[in-house]
Amino acid sequence: MKERTMPSLDEDLFPSTPGKVKIERTHTMNRQFYRCFASTSTMFLWALFLIALTASYLSFQSFVDPRSRYFTASWGGIQWEKQVRTSAQIRRSGGMSVLVTGAAGFVGTHVSLALKKRGDGVVGIDNFNNYYDPSLKKARNSLLINHGVFVVEGDINDSRLLAKLFDIVAFTHVMHLAAQAGVRYAMENPGSYVHSNIAGLVNLLESCKSANPQPAIVWASSSSVYGLNEKVPFSESDRTDQPASLYAATKKAGEEITHTYNHIYGLSITGLRFFTVYGPWGRPDMAYFSFTRNILQGKPITVYRGKNGVDLARDFTYVDDIVKGCLGSLDTAGKSTGTGGKKRGPAPYRIFNLGNTSPVTVPTLVGILERHLKMKAKKKVVDMPGNGDVPFTHANVSLARRELGYKPTTDLQTGLKKFVRWYLSYYGYNHGKPVN
Ligand SMILES: O=C(O)[C@H]1O[C@H](OP(=O)(O)OP(=O)(O)OC[C@H]2O[C@@H](n3ccc(=O)[nH]c3=O)[C@H](O)[C@@H]2O)[C@H](O)[C@@H](O)[C@H]1O
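- As annotated in an unreviewed UniProt entry, the protein carries the name UDP-glucuronate 4-epimerase and is attributed to Tetracentron sinense.
- Per UniProt, the protein has the following entry under Subcellular location (unreviewed entry): "Golgi apparatus, Golgi stack membrane".
- Quoted verbatim from the Sequence similarities (unreviewed entry) heading of the UniProt record, the comment on the protein is "Belongs to the NAD(P)-dependent epimerase/dehydratase family."

### Structural notes on the nonpolar core
And then number 1: Within the largest apolar cluster, 75 residues are counted, with the highest numbers of intra-cluster contacts made by Val-111, Met-175, Phe-274, Tyr-288 and Leu-416.
And then number 2: The leading source of residues in this core is helix 13 (residues 412-427), at seven residues.
And then number 3: In this structure Tyr-288 touches Phe-106, Val-277, Tyr-278, Gly-279, Gly-282, Arg-283, Leu-365, Leu-369, Leu-416 and Phe-419, once residues within four positions along its chain are discounted.
And then number 4: Core analysis: the second largest hydrophobic core is formed by 28 residues, Val-123, Ile-125, Leu-201 and Ile-269 among them.

### What about unusual backbone geometry?
And then number 1: With an omega of 5 degrees, the peptide bond running from Asn-212 to Pro-213 counts as cis.
And then number 2: Looking at where Pro-213 falls in the secondary structure, it is placed in the loop between helix 7 (190-210) and strand 5 (216-222).
And then number 3: Residue Pro-233 is bonded to the preceding Val-232 through a cis peptide linkage, with omega at -10 degrees.
And then number 4: The topology assignment puts Pro-233 in the loop between strand 5 and helix 8 (246-265).
And then number 5: Located in the positive-phi region is Phe-128, a residue other than glycine, with phi close to 50 degrees.
And then number 6: Assignment of secondary structure puts Phe-128 in the loop between strand 2 (121-126) and helix 5 (134-146).
And then number 7: Unlike most non-glycine residues, Asn-308 shows phi in positive territory, near 55 degrees.
And then number 8: Along the chain, the position of Asn-308 falls in the loop between strand 8 (300-305) and strand 9 (313-314).
And then number 9: Judged by its relative accessible area of 79%, Asn-308 falls in the exposed class.

### Re the packing of helix 7 against helix 8
If you want to describe how two helices pack, look at the angle between their axes and the distance between the axes.
And then number 1: Contact geometry of helix 7 with helix 8 gives a least axis separation of 10 Å together with a crossing angle of 15 degrees. As judged from the angle between their axes, helix 7 and helix 8 are roughly parallel. Relative to helix 8, the crossing made by helix 7 is right-handed. Of helix 8, the residues touching helix 7 (which contributes Pro-190, Tyr-193, Asn-197, Ile-198, Leu-201, Val-202, Leu-205, Glu-206 and Lys-209) are Leu-246, Tyr-247, Thr-250, Lys-251, Ala-253, Gly-254, Ile-257, Thr-258, Tyr-261 and Tyr-265.
And then number 2: Split by residue class, the contact of helix 7 with helix 8 holds 12 nonpolar, four polar and three charged.

### Looking at the site of the ligand
And then number 1: Taken together, 22 residues lie near the ligand, and Arg-184, Ser-222, Ser-223, Thr-302 and Arg-314 sit nearest.
And then number 2: Between the ligand and Gly-182 there is a distance of 3.1 Å, counted from an oxygen atom to a backbone nitrogen or oxygen.
And then number 3: Here a nitrogen atom of the ligand and a backbone polar atom of Thr-302 are 2.7 Å apart.
And then number 4: Taken by itself the ligand offers 690 Å² of open surface, and the protein chains cover 92% of this.
And then number 5: For the shell around the ligand, the secondary-structure elements that each account for two or more residues are helix 9 (287-296) and strand 8.
And then number 6: Considering each element in turn, the shell around the ligand owes the most residues, three residues, to strand 8.
And then number 7: Residues of the shell around the ligand, tallied by class, amount to 12 nonpolar, six polar and four charged.

### Things to note about the pairing of strand 5
If a strand is regular, its side chains alternate between the two faces of the sheet.
And then number 1: For strand 5, a buried count of seven out of seven residues is recorded, marking the element as mostly surrounded by other parts of the structure.
And then number 2: Burial of strand 5 is two-sided: the residues Ala-216, Val-218, Ala-220 and Ser-222 facing one way and the residues Ile-217, Trp-219 and Ser-221 facing the other way are all buried.
And then number 3: In this sheet, strand 5 lies alongside strand 4 (residues 173-176) in parallel orientation, the contact comprising four bridges. Residue pairing across strands places Met-175 opposite Val-218, the latter belonging to strand 5.

### A few points about the environment of Pro-243
And then number 1: Counting through the fold element by element, Pro-243 comes out in the loop between strand 5 and helix 8.
And then number 2: Since its relative accessible area comes to 33%, Pro-243 is described here as partly exposed.
And then number 3: Spatially, the C-alpha atoms of Pro-243 and Asp-389 are 9.9 Å apart, while their sequence positions differ by 146 residues.
And then number 4: Not counting residues up to four positions away in its chain, the partners in contact with Pro-243 are Gly-227, Ala-248 and Ala-249.

### Examining the side chain of Asp-315
And then number 1: Mapped onto the secondary structure, Asp-315 falls in the loop between strand 9 and strand 10 (317-318).
And then number 2: One buried charge, Asp-315, has no salt-bridge partner; the nearest side chain with opposite charge is Arg-401, at 10.0 Å.
And then number 3: In this structure the side chain of Asp-315 is engaged in a polar contact, spanning 3.0 Å, whose partner is the backbone nitrogen of Ser-358.
And then number 4: Polar side-chain contacts of Asp-315 include one of 2.8 Å to the backbone nitrogen of Ala-395.
And then number 5: The residues contacting Asp-315, other than those within four sequence positions of it, are Phe-275, Gly-355, Asn-356, Thr-357, Ser-358, Pro-359, Thr-393, His-394 and Ala-395.

### Focus on the packing of aromatic side chains
And then number 1: The final tally for this structure, using the stated rule, is 28 aromatic pairs.
And then number 2: Ring geometry for Trp-75 against Trp-80: centres 5.7 Å apart, planes inclined by 40 degrees, an arrangement best described as tilted.
And then number 3: Taking the relative accessible area as the measure of exposure, Trp-80 reaches 7% and is therefore buried.
And then number 4: Relative to Tyr-185, the ring of Tyr-131 has its centre 4.8 Å away and its plane inclined at 45 degrees; by these criteria the two rings are tilted. Taken together, the residues Tyr-131 in the loop between strand 2 and helix 5 and Tyr-185 in the loop between strand 4 and helix 7 connect sequence positions 54 residues apart.
And then number 5: In this structure Tyr-131 comes out as buried when scored by relative accessible area, which is 13%.
And then number 6: In this structure Tyr-185 comes out as buried when scored by relative accessible area, which is 9%.
And then number 7: Three or more aromatic residues joined by ring pairs form one cluster here, namely Tyr-278, Trp-281, Tyr-288, Phe-289, Tyr-318, Phe-419, Trp-422, Tyr-423, Tyr-426 and Tyr-427.
And then number 8: Directly above the ring of Tyr-132 sits Lys-137, whose terminal nitrogen or CZ lies 4.6 Å from the centroid.

Reading guide: rules and limits
- The numbering scheme is per chain: residues are counted from 1 as the chain's sequence reads.
- For this predicted model, a pLDDT threshold of at least 70 governs which residues receive local features, and a threshold of 80 or more governs which side-chain atom pairs are given and counted, while totals over whole chains, interfaces and linings are taken from all residues.
- Heavy atoms from the whole structure form the basis of all side-chain values; hydrogens and water molecules are not counted.
- UniProt positions are given in the numbering used here, feature names are shortened, and annotations may be inferred rather than shown by experiment.
- For this analysis, a nonpolar core means a set of buried residues of the types Ala, Val, Leu, Ile, Met, Phe, Trp, Tyr and Cys, connected via side-chain atoms within 4.5 Å.
- Summary of the burial criterion: residues with accessible area below 20% of their type's maximum are buried, those above 50% are exposed, and those between are partly exposed, where the area comes from a 1.4 Å probe applied to protein chains only.
- A helix here means a DSSP run of H or I that spans at least four residues, while a strand means a run of E at least two residues long, and both kinds are numbered starting from the N terminus.
- For this analysis, residues touch if any pair of their heavy atoms sits within 4.5 Å.
- The angle between two axes is taken between their N-to-C directions and runs from 0 to 180 degrees, where each axis is a line fitted to C-alpha atoms and a helix contributes only its stretch in contact.
- To sort the angles, those under 35 degrees are grouped as roughly parallel, those over 145 as roughly antiparallel, those from 65 to 115 as roughly perpendicular, and the leftovers as oblique.
- Working rule for handedness: look at the near helix, and if it is turned counterclockwise from the far one by less than a right angle, call the crossing left-handed; if clockwise, right-handed.
- Lys, Arg, Asp and Glu make up the charged group, whereas Ala, Val, Leu, Ile, Met, Phe, Trp, Tyr, Cys and Pro make up the nonpolar group; the residues left over, Gly among them, are polar.
- Note on terminology: near, applied to a residue and a molecule or strand, indicates that one of the residue's heavy atoms is within 4 Å of it.
- Here a polar contact is recorded for every N or O atom pair within 3.5 Å, except that within protein the pair must consist of a potential hydrogen donor and a potential acceptor, and residues adjacent in sequence are included only if both atoms are side-chain atoms.
- Using a 1.4 Å probe, accessible areas were evaluated by the Shrake-Rupley method; residue-level cover was limited to the displayed protein chains.
- Two strands are counted as paired when DSSP detects at least two bridges linking them.
- Here Asp and Glu are counted as negative and Lys and Arg as positive; His is not counted, and neither are the chain ends.
- In the sections that follow, a salt bridge refers to a side-chain nitrogen of Lys or Arg positioned within 4 Å of a carboxyl oxygen of Asp or Glu.
- Stacked, edge-to-face and tilted labels apply to pairs of Phe, Tyr and Trp rings (six-membered ring for Trp) whose centres lie within 6.5 Å, assigned for plane angles under 30 degrees, over 60, and everything in between, in that order.
- Two conditions define a charge sitting above a ring: the NZ of Lys or the CZ of Arg must be within 6 Å of the ring centre, and it must be within 35 degrees of the ring normal.

Have a look at this one:
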């Protein structure tokens with residue numbers, strides 16, 4: 001049998017019909033083809049090179065923050081700008097227009113709603129990352145949409161997006177709540193803390209400093225900056241140079257970074273040290289939330305215990321109290337003084353504790369949840385692992401009381417009752433899972 005020869009590339013492109021003219025033409029075309037092929041292969045190599053470059057950049061980004069949705073964010077267009085403008089509209093005299101970062105987050109949602117309800121203009125920005133279930137963030141977003149708050153999907157590291165937002169709206173204030181939260185997760189994904197709490201913060205400050213007018217900035221620091229301090233209650237003037245986790249270290253760095261921008265560019269800065277905030281629409285990674293889920297599903301919970309069997313304690317603070325502190329801070333924030341990226345005079349730099357002032361131990365927290373849920377927890381008590389946790393927190397809030405009129409009014413018992421009511425209405429009695 002005659003072996004079938006593979007058609008040459010020529011044959012493929014120019015079916016052979018022998019003839020002089022044809023042959024000449026074929027030769028001419030061959031030359032063109034080879035030239036063309038040579039340039040096509042160059043283009044192909046370039047395309048390969050670009051793909052490889054993009055892929056390595058993407059994989060670097062995912063190393064920095066594997067849970068980030070930085071590249072899927074979409075924004076822009078006439079309709080989008082209209083939504084931003086409408087959401088930013090002020091509907092009370094003397095009101096403010098606030099850019100809320102992390103608006104689909106726990107505290108961000110509550111603060112955005114409170115501002116909108118009193119007639120301030122609010123535009124949110126959130127990257128909707130999947131540090132915890134993004135469907136909860138989407139549900140919070142629906143709530144915000146129903147109340148006329150538009151949340152831009154994007155990352156605070158995106159300077160073009162921030163510039164665009166400041167171009168569309170002359171924000172008077174920025175409520176900066178976007179952050180990589182969680183104390184213990186920092187050991188798993190340190191890069192995400194650097195990405196959001198350091199790089200993101202600097203990028204936001206750069207945008208604020210260049211904006212005209214410059215907004216006043218109120219942002220979320222953390223009780224964790226008190227680290228391993230033993231003097232209680234924690235006061236703003238106490239030392240904050242012994243953080244116990246990378247999370248705490250990035251928040252402490254944030255306090256120093258904001259100070260620099262206050263000093264050089266005249267940005268008005270208020271840093272709020274939140275103490276273990278809890279409540280409806282809360283964060284599923286936090287103990288009160290995950291304990292509730294596990295108790296309802298009949299699963300064990302792990303309760304950490306400190307040195308020498310001492311119970312851990314937190315100054316758990318109800319979200320409505322935190323919201324009052326945030327709004328009080330926005331209302332009392334003095335103006336930024338810079339223009340065109342230059343400082344024109346000194347601007348306020350403030351730091352406040354926002355806590356509840358009465359620490360509760362973790363076993364007591366569990367007891368309250370058991371009563372509200374009418375179910376017993378399967379407790380597994382273990383020694384606190386060395387993963388960034390601190391044994392206790394306790395806020396002195398006299399400065400915030402004096403300057404902001406801050407006065408927490410919700411105790412843990414009452415606050416958890418509200419949380420449990422929300423939890424059951426949102427997830428149902430057993431979070432859709434059978435109780436063992
Ligand atoms: O104030 C803050 O600045 C921080 O508050 C919050 O951190 P924490 O106070 O550590 O809250 P959270 O994780 O709910 O643990 C509460 C208690 O339960 C104990 N805990 C925790 C988990 C567990 O499985 N078992 C347990 O006993 C645990 O040992 C602890 O004693 C925010 O998450 C953080 O983002 C930051 O804002």
